[in-house]
Amino acid sequence: MTFVDEKLDAPVAVVDSIDVEESNVMQPQVTALIDEATASVLAGIDEFYIQQRIRWGEAITQGCFEQKNIYDVFDKTSNTKVMEIQEESNDLSRCCCAPNHSFFAQFFLVDEGGNRVGSPVMTMEREGCDCCGGPCPKPFIGCWACKPQCADKATLYSGDLASGGGIAGEFKGNRERTQLIGETVQPLGGGGFKPILQIMDRDDTSTENTKMFAATRGPTFFGGCSELVCDTKFGISQAKDGMEVPELKQLSFGDYATITKSKPTSITGALREMFTDSDLYEVDFKITEVSPQQKANVLAAMVITDYMFFERDNDMCAYRNDTVVITLCNCFCYGCLCPCSLYIPTKYDN
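Residues numbered from 1 in each chain as written. Predicted model: local features only at pLDDT ≥ 70, side-chain atom pairs only at ≥ 80, totals over all residues. Heavy atoms only, no water.

### As for the nonpolar core
Phe48, Ile50, Phe107, Met124, Val283 and Val303 are the most contacted members of the largest nonpolar core, which totals 50 residues. When residues in this core are grouped by element, the largest group, 11 residues, is from helix H6 (residues 292–309). Residues in contact with Val283, not counting those within four places in the same chain, are Asp46, Glu47, Phe48, Ile50, Thr258, Ile259, Val298, Leu299 and Met302. Counting 10 residues, the second largest nonpolar core, distinct from the first, contains Ile196, Met200, Met243 and Leu251. (Core = buried A, V, L, I, M, F, W, Y, C linked by side-chain atoms within 4.5 Å. Buried < 20%, exposed > 50% of the residue type's maximum accessible area, 1.4 Å probe, protein only. Helix = DSSP H or I, 4+ residues; strand = E, 2+ residues; numbered from the N terminus. Contact = heavy atoms within 4.5 Å.)

Okay, here's the thing in structure tokens:
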């Protein structure tokens, strides 16, 4: 059934609760903040394929001119485009502070031809570093995740936050939460030597708080030249609210869902991987008892994962100070990415 939420002025789908014995399988939660059309799209898909578009201005300048990211979301089974995700951010912050800058990621539905329709149905906000213009709510993300100011976080809302001149990060963690859907939070310490992100859901509209329903964990080594030959998997497992990092590490990551950054399968794909930031992702849900709202939060977790770990210019090979730098991979360490590189000098002193 549906009803109209006066705060959102939009139809809202409600899923009747089902009484079952408590088990390890988490039951679907109420879909209270996602419109019917979006809920219908998400409910019907368990395997998503996400393709990040090549931004030629950024590719030709090798990152000197950063452009807004765009992701096309497909139903992996039917190969049908179902959604489009577009970054909205300050130009100066994006060019000077990417990939740690503040931004909105706007989720659009598409028509049968794959063209976006209407205004954003959801908006993810990442508060980051804006050293050259912008609010700069978190100037130290990308370093050791030792304090909340250093830990990454993405918050998903229903509707459009950018209309009317909205700026990502402008409220510095104090944005009004009426339209809040969920959050993806990097815990203090980042998870140690394997990155962990806590995925939160707002399952009760009578409160503005979120509860952790899942957590994702990635590998220690990824990125660099390893992207040419290896898939990078972030396994997702169900989690109970209030779990600390030591407890999360004991979960069977990958039994709930997986976020996979796919390796290239052709020479063209390898060239795209080497010279652009355009990535390919798969999001696969392993169980069927997942609500549309939870799926939306997992897709948002995929977006912030891309910015945190894979939006690095010249991450495979670069030329600096008369030296060829070949990055074999990146090592994750308590929130910081440490490149493992070979340095080949091109000039020698007598």
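### Brief notes about the confidence of the model for the chain
Taken as a whole, the chain shows an average pLDDT of 89; of its residues, 90% reach a score of 70 or greater. The low-confidence segment residues 1–31 (pLDDT under 50) makes 58 contacts with residues lying over four places distant or belonging to another chain. (pLDDT = per-residue confidence, 0-100.)

### Regarding the pairing of strand E11 (residues 211–217)
Counting buried positions along E11 yields 6 of 7 residues, so the element is predominantly enclosed. Inspection of the sheet shows strand E10 (residues 196–201) paired to E11 by 6 bridges, in the antiparallel sense. What sits directly across from Met200, in E11, is Met212. Inspection of the sheet shows E11 paired to strand E13 (residues 232–238) by 4 bridges, in the antiparallel sense. When the sheet's bridge partners are listed, Ala215 is paired in E13 with Ser237. (Pairing = 2+ DSSP bridges.)

### Here we look at helix H5 (residues 267–275)
Gly269, Arg272 and Glu273 are the residues of H5 that are buried. Looking straight down H5, one finds that the buried residues subtend no more than 100° of arc, so they occupy a single side. Along H5, the residues that are exposed and aim more than 90 degrees away from the buried face are Ile267 and Thr268. Along its buried surface, H5 packs onto strand E14 (257–261) and strand E15 (280–285). (Arc of directions from axis to C-beta.)

### Quick word on the pattern of salt bridges
Tallying each qualifying case throughout the model produces 20 salt bridges. Close ionic contact of Lys76 with Glu282 constitutes a salt bridge, the shortest N to O distance being 2.8 Å. Within this pair, whereas Lys76 is found in the loop between strand E4 (70–75) and strand E5 (80–88), its partner Glu282 is found in strand E15, the two being separated by 206 residues in sequence. Residue class for Lys76 comes out partly exposed when judged on its relative accessible area of 32%. For Arg116, the salt bridge goes to Glu84, with nearest N and O atoms at 2.5 Å. (Salt bridge = Lys/Arg side-chain N within 4 Å of Asp/Glu carboxyl O.)

### Side note on unusual backbone geometry
Along the chain, Ala98 connects to Pro99 via a cis peptide bond; the corresponding omega equals 5°. Tracing the sequence through the fold places Pro99 in the loop between helix H3 (91–97) and strand E6 (103–110). In this model, Cys136 sits at a positive phi of 55°, which is unusual for a non-glycine residue. Mapped onto the secondary structure, Cys136 falls in the loop between strand E7 (116–126) and strand E8 (153–158). You can call Cys136 partly exposed: its relative accessible area is 22%. Look at Tyr334: it is not a glycine, yet its phi comes out positive at around 55°. Tracing the chain through its elements places Tyr334 in the loop between strand E17 (323–333) and strand E18 (336–345).

### Structural notes on the packing of aromatic side chains
Inspection of every chain in the model, using the stated rule, returns 14 aromatic pairs. Consider the rings of Phe222 and Phe309, whose centres lie 5.5 Å apart with planes at 75°: the pair is edge-to-face. Placement of the pair is Phe222 in strand E12 (residues 221–222) and Phe309 in helix H6, with a sequence separation of 87 residues. The pair Phe222 / Phe309 is uniform in exposure class, with both members buried. One aromatic cluster is present, formed by Phe222, Phe234, Tyr281, Phe309, Phe310 and Phe332 through successive ring pairs. Directly above the ring of Phe108 sits Arg116, whose terminal nitrogen or CZ lies 4.2 Å from the centroid. Across the ring face of Phe285, the terminal group of Lys295 is positioned such that the distance to the ring centre comes to 5.7 Å. (Phe/Tyr/Trp six-rings, centres within 6.5 Å; stacked < 30°, edge-to-face > 60°. Lys NZ or Arg CZ within 6 Å of the ring centre and 35° of its normal.)

### Points about the pairing of E15
Here E15 lies mainly inside the structure; 6 of its 6 residues are buried. With burial as the criterion, each face of E15 is covered, one bearing Leu280, Glu282 and Asp284 and the other bearing Tyr281, Val283 and Phe285. Sheet analysis places strand E3 (residues 47–52) next to E15, joined by 5 bridges and oriented antiparallel. In the sheet register, Phe48 faces E15, and the bridge partner there is Val283. Pairing analysis gives 5 bridges linking E14 to E15, with the strands arranged antiparallel. Among the inter-strand pairings, Thr258 is bridged to a residue of E15, identified as Asp284.

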